[in-house]
Every structure is written in C-alpha cells, then in structure tokens.
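Examination of the molecular architecture
So you can see what is in the structure, the chains are spelled out below.
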Amino acid sequence: LPDGHQMTREQQRDLTRAKEMALADGWHPQWIRGPHDARAVLRGSRFDEQQAMRVRTFIERFVRLGTARWAGEPFRLLPWQWADLVGPLYGWRRADGTRRFRRASIWVPKKNAKTETAAALSLYHLVADNESNPHVAIAAVDRYQAAICFDAAARMVRRSPALGRKLEVLDSRKRIIAAAVDGRLEALSADAE
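Notes on the structure follow. In every chain, residue numbers begin from 1 and rise along the written sequence. Per-residue local features of the predicted model are confined to residues with pLDDT of at least 70, and side-chain atom pairs are confined, for both listing and counting, to 80 or more; whole-chain, interface and lining totals are unaffected and use all residues. Side-chain metrics in this entry use all non-hydrogen atoms of the structure; hydrogen atoms and water are not considered.

1. Re the overall build of the protein chain
- Only DSSP runs of H or I with at least four residues qualify as helices, and only runs of E with at least two residues qualify as strands; both kinds are numbered from the N terminus onward. The helix and strand inventory of the protein chain stands at seven helices and six strands.
- Counting from the amino terminus, the protein chain carries its helices and strands in the arrangement α-α-β-α-α-β-α-β-α-α-β-β-β.
- Based on the C-alpha atoms only, the size of the protein chain along its principal axes is roughly 60 × 35 × 35 Å.
- Each residue's exposure class comes from its accessible area (1.4 Å probe, protein chains only) as a fraction of the maximum for that residue type: buried when under 20%, exposed when over 50%, partly exposed otherwise. For the protein chain, the residues scored as buried account for 38% of the 193 residues in total.
- Methods summary: accessible areas were calculated by the Shrake-Rupley approach with a probe of 1.4 Å, and residue burial reflects only the protein chains presented. Summed over its atoms, the accessible surface of the protein chain is roughly 11,900 Å², and 49% of this surface lies on carbon and sulfur atoms.
- Averaging the locations of the 33 positively and 23 negatively charged side chains of the protein chain gives two centres separated by 2 Å. Working convention for charge: Lys and Arg count positive, Asp and Glu count negative, and His plus the chain ends are omitted. Positions of charges follow a simple convention, taking NZ of Lys, CZ of Arg, CG of Asp or CD of Glu.

2. Overview of unusual backbone geometry
- Positioned with a positive phi, alanine 113 is a non-glycine residue whose angle comes to about 70 degrees.
- Structurally, alanine 113 is set in the loop between strand E2 (92–93) and helix H5 (114–127).
- Judged by relative accessible area, alanine 113 falls into the partly exposed class, the value being 24%.
- Even without being a glycine, asparagine 133 presents a positive backbone phi close to 55 degrees.
- Among the secondary structure elements, asparagine 133 is positioned in the loop between H5 and strand E3 (135–140).

3. Let's talk about the side chain of serine 160
- Mapped onto the secondary structure, serine 160 falls in the loop between helix H6 (143–159) and helix H7 (161–166).
- Owing to a relative accessible area of 3%, serine 160 belongs among the buried residues under this scheme.
- Side-chain polar atoms of serine 160 contact the backbone oxygen of phenylalanine 62, separated by 2.6 Å.
- Note on definitions: a residue-residue contact is assigned when non-hydrogen atoms from the two residues lie within 4.5 Å. Excluding residues within four positions of it along the chain, serine 160 makes contact with Phe62 and Arg64. Any pair of nitrogen or oxygen atoms within 3.5 Å is treated as a polar contact; in protein, a donor-acceptor pairing is required on top of that, and neighbouring residues in sequence qualify only through side-chain atoms on both sides.

4. Side note on the packing of aromatic side chains
- In summary, the pairing rule links any two rings of Phe, Tyr or Trp, Trp by its six-membered ring, whose centres are within 6.5 Å, and it sorts them by plane angle into stacked for under 30 degrees, edge-to-face for over 60 and tilted for everything else. The full count for this structure, using the stated rule, is eight aromatic pairs.
- Considering the side-chain rings of phenylalanine 58 and tyrosine 124, the 5.6 Å spacing of their centres and the 70 degrees angle between planes classify their relative orientation as edge-to-face. Here tyrosine 124 lies in helix H5 and phenylalanine 58 lies in helix H3 (residues 49–62), a separation of 66 residues in the sequence.
- Judged by relative accessible area, which is 6%, phenylalanine 58 ranks as buried.
- On the accessibility criterion, tyrosine 124 (2% relative accessible area) is buried.
- A cation over an aromatic ring shows up here: arginine 56 above the ring of tryptophan 82, its NZ or CZ 4.7 Å from the ring centre. Note on criteria: charge over ring means Lys NZ or Arg CZ within 6 Å of the ring centre, with the direction from the centre no more than 35 degrees off the ring normal.

5. As for the pairing of strand E5 (residues 175–178)
- Sheet topology places strand E4 (residues 168–170) next to E5; three bridges connect them, and they run antiparallel. Along E5, the bridge assignment pairs leucine 170 with arginine 175.
- Between E4 and the antiparallel strand that follows it, E5, lie four residues; lysine 174 among them carries a positive phi value of about 50 degrees.
- When DSSP finds two or more bridges between two strands, those strands count as paired. The sheet contact formed by E5 and strand E6 (residues 183–189) spans four bridges and is antiparallel. What sits directly across from arginine 175, in E6, is glutamate 186.
- Between E5 and E6, which pair antiparallel in sequence order, lie four residues; one of them, aspartate 182, sits at a positive phi of approximately 55 degrees.

Written out as structure tokens, the structure is:
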C-alpha cells in the first residue's frame, strides 16, 4: 500500500485468509504483499516458486553481463530484481495455470540495471519460455532507444557460450535469431515503418 494508507478490516481479513490458504496449499505466504494479492488468492491464484525459479536459474546460469566492468560475469539478480520483478511476474499463476501478470513497468533510478534486466528477460522469452515460434520485441520511441536494449542482449549472447551456440545476432537488422525454435528477437521503434 502507498505510504500513509491503511488496510480496511475486510482487506486485513482477506489477507489473513489468503495467507492461511497459501500455507495450506504448500507455498510461502511472503509473496502475498497486499490486498490485490490476497484477492487474487481468494479467486484461485497461487504462487508457484518453481516457475519463478526457472526464470532466475536461466538468467543466472546462462546470461553473462556485457558491460565494461562486469563483462563476461554471470548475471546475478539483485534483491529488487528477484523480489519485486522476476519472482512476482513469473511465479504468480491464475487458477487456470496462466501467468497472473502480462505486463510490467520498472521504475527505479538510473544505473540500477533496468536495461540489462529487460535484455535478460527478452532472451529468456526467446529460448527458454517453451513457446514455439517466439517473437520477442524490444520496443521504444526511437531507433536509438530500441538499440540500447537490443545491444545489451546482443552482448549477452556473445559473452555466453551456451547462448552463442543457440542464437545468431544480426546487428545490421537489430535481430537475434533462434533457429531451433524458429524464433526471433528484434528491436522496433515508433519511427520505423
């Protein structure tokens, strides 16, 4: 909840009930962080830590950082990246098994690895999300902005032997090809046709 806001008694009851349901269902209630999560649990959603860990494991095992000081080092998720982004986005599941969240907005100060995080997640969706024929788009207002994230992903591919064997980087077209799954990652901008 935003600072200064209090939960209503009904929201507190829902939160308590949702946490009890989580424990009974065998998952940790730490992922229920407020009234929206509690309401989702009461409607049949649950947190699947194995699904969230699948993404974390991919990033930390296969993705290598491409920037100067850390070039070639494994990508280790920062606490906020895990607890506030990757965990909730990929762990929360609706009753039908689909992801609860389809979009995310990252609002953190400069120099907190937003671009690298988006690039790493883009690579996950390209090769490890069990999609046939995946099309991953890195979109921005102009070509320069779209190229920043694409270039980060391309560097990650070049620095990772495992990803380098599976992916082909086409710098001139701002595209990464995953031939084995007939997939592609590409940079798109509003100023393109």
